[in-house]
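# Survey of secondary and tertiary structure
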Amino acid sequence: MSAVLAPQATFVPLTLAHLDALMAIEQAAYVQPWSRGNFLDSINVGYECQALMAGEEMLGYFVVMMGVQEAHLLNITVAPKHQRQGWARLMLEAMALWARGRGARTLWLEVRVSNERARAVYAACGFHGTGVRRNYYPAAQGQREDAVVMCLTL
Ligand SMILES: CC(C)(COP(=O)(O)OP(=O)(O)OC[C@H]1O[C@@H](n2cnc3c(N)ncnc32)[C@H](O)[C@@H]1OP(=O)(O)O)[C@@H](O)C(=O)NCCC(=O)NCCS
């Protein structure tokens, strides 16, 4: 995927050269961030990994895994100072088009029960909840947290 969206934003495939900027965003955005190794593995295994760039500045990024007639969103993040400006909506629309173009009929994701903001964004973008995975995520002090499973019909 590679597309110029507006004068100020472009999708580019994620490379090792992006990882310093990406990790700064990841660590600012999450209490339990992915590691650099998680992103390296995602790039190496061939997942769809895209950065949304405004010139040299990274606005956000996503990682999607393709399956048989379905796609699974593994990570979507917008840099804190660029949140609530429509970038997640734009990334979700782009990945839905990309996944549909590759034959996916459904886009799946998991989200922490406590992540009300992300859940609201997904709902605003047409996803609906289909169930709960108990104790799916690590949480503070050795605890676990449930995930809400959501899907979008493509
Ligand atoms: C969740 C996240 C990706 C959303 O990114 P964003 O760029 O701020 O979202 P958008 O601006 O595209 O919002 C899309 C829609 O969601 C809704 N929305 C956004 N923030 C919302 C909020 N705090 N409360 C309710 N609705 C909200 C709005 O309806 C918005 O539509 P609009 O632009 O027509 O108003 C971003 O907050 C983030 O990176 N959070 C930290 C990482 C994270 O939690 N990732 C998801 C893990 S599952």
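Residues numbered from 1 in each chain as written. Predicted model: local features only at pLDDT ≥ 70, side-chain atom pairs only at ≥ 80, totals over all residues. Heavy atoms only, no water.

### Some thoughts on the overall build of the protein
- Counting its secondary structure elements, the protein contains four helices and eight strands.
- Start at the N end of the protein and walk to the C end: the helices and strands fall as β-β-α-α-β-β-β-α-β-α-β-β.
- Here the C-alpha radius of gyration of the protein, 15 Å, is about what a compact globule of 154 residues would show, namely 15 Å.
- Counting only C-alpha atoms and orienting by the principal axes, one finds that the protein spans roughly 40 × 35 × 30 Å.
- Contacts in the protein between residues at least 24 apart in sequence constitute 58% of all its contacts with a sequence separation of at least 6.
- As displayed, the protein offers around 8,400 Å² of accessible surface, 51% of which is attributable to carbon and sulfur atoms. (Helix = DSSP H or I, 4+ residues; strand = E, 2+ residues; numbered from the N terminus. Rg over C-alpha atoms; globule rule 2.2 N^0.38 Å. Contact = heavy atoms within 4.5 Å. Areas by Shrake-Rupley, 256 points an atom, 1.4 Å probe, with all protein chains shown as cover.)

### Brief notes about the nonpolar core
- Phe62, Leu73, Ile76, Leu92, Met95, Tyr122 and Phe127 are the most contacted members of the largest nonpolar core, which has 30 residues in total.
- Counting only elements with at least two residues in this core, the list comes to strand E2 (9-13), strand E4 (57-66), strand E5 (70-78), helix H3 (87-101), strand E6 (106-112), helix H4 (116-124) and strand E8 (144-153).
- Top contributing element to this core by residue count: H3, with nine residues.
- Residues Met23, Phe39, Ala51 and Val63 belong to the second largest nonpolar core, which totals 13 residues. (Core = buried A, V, L, I, M, F, W, Y, C linked by side-chain atoms within 4.5 Å. Buried < 20%, exposed > 50% of the residue type's maximum accessible area, 1.4 Å probe, protein only.)

### Remarks on the packing of aromatic side chains
- Per the counting criterion, the structure on display carries five aromatic pairs.
- Ring geometry for Phe11 and Phe62: centres 5.9 Å apart, planes at 75°, overall edge-to-face. Within this pair, whereas Phe11 is found in strand E2, its partner Phe62 is found in strand E4, the two being separated by 51 residues in sequence. In terms of burial, Phe11 and Phe62 fall into one category: buried.
- A centroid spacing of 5.7 Å and a plane angle of 90° characterise the contact between Phe39 and Tyr61, whose relative ring orientation is edge-to-face. With Phe39 in helix H2 (residues 36-45) and Tyr61 in strand E4, this pair connects stretches of sequence that are 22 residues apart.
- The class of Phe39 is buried, set by a relative accessible area of 0%.
- An aromatic cluster is present here, built from Trp34, Phe39 and Tyr61 joined pairwise through their rings. (Phe/Tyr/Trp six-rings, centres within 6.5 Å; stacked < 30°, edge-to-face > 60°.)

### Side note on H3
- Compared with an ideal rise of 1.5 Å per residue, which puts 15 residues at 21 Å, H3 spans 21 Å between its outermost C-alpha atoms and is within 8% of the ideal.
- Every buried residue of H3 is listed here: Trp87, Ala88, Met91, Leu92, Ala94, Met95, Ala96, Trp98 and Ala99.
- One or two positions beyond H3, positive phi appears at Gly103, with a value near 95°. (Expected span 1.5 Å × (residues − 1).)

### Some words on the packing of helix H1 (residues 19-29) against H2
- Where H1 contacts H2, the axes come no closer than 10 Å and their chain directions differ by 130°. What the angle tells us is that H1 and H2 run oblique. Judged by the sense of rotation from one axis to the other, the crossing of H1 with H2 is right-handed. Across the interface between the two elements, Leu19, Asp20, Leu22, Met23 and Glu26 of H1 pack against Arg36, Phe39, Leu40 and Ile43 of H2.
- Partitioned by chemical class, the residues of the contact of H1 with H2 number six nonpolar, no polar and three charged. (Axes fitted to C-alpha atoms, helices over the stretch in contact; angles between N-to-C directions. Parallel < 35°, antiparallel > 145°, perpendicular 65-115°, else oblique. Left-handed = near helix turned anticlockwise from the far one by under 90°. Nonpolar A, V, L, I, M, F, W, Y, C, P; charged D, E, K, R; others polar.)

### What about the environment of Trp34?
- On the secondary structure map, Trp34 appears in the loop between H1 and H2.
- For Trp34, a relative accessible area of 21% translates into the label partly exposed.
- For Trp34 and Arg84, which are 50 residues apart along the polypeptide, the C-alpha to C-alpha distance reads 22 Å.
- With residues near it in sequence (within four places) discarded, Trp34 still touches Met23, Glu26, Phe39, Ser42, Val63, Leu74 and Asn75.

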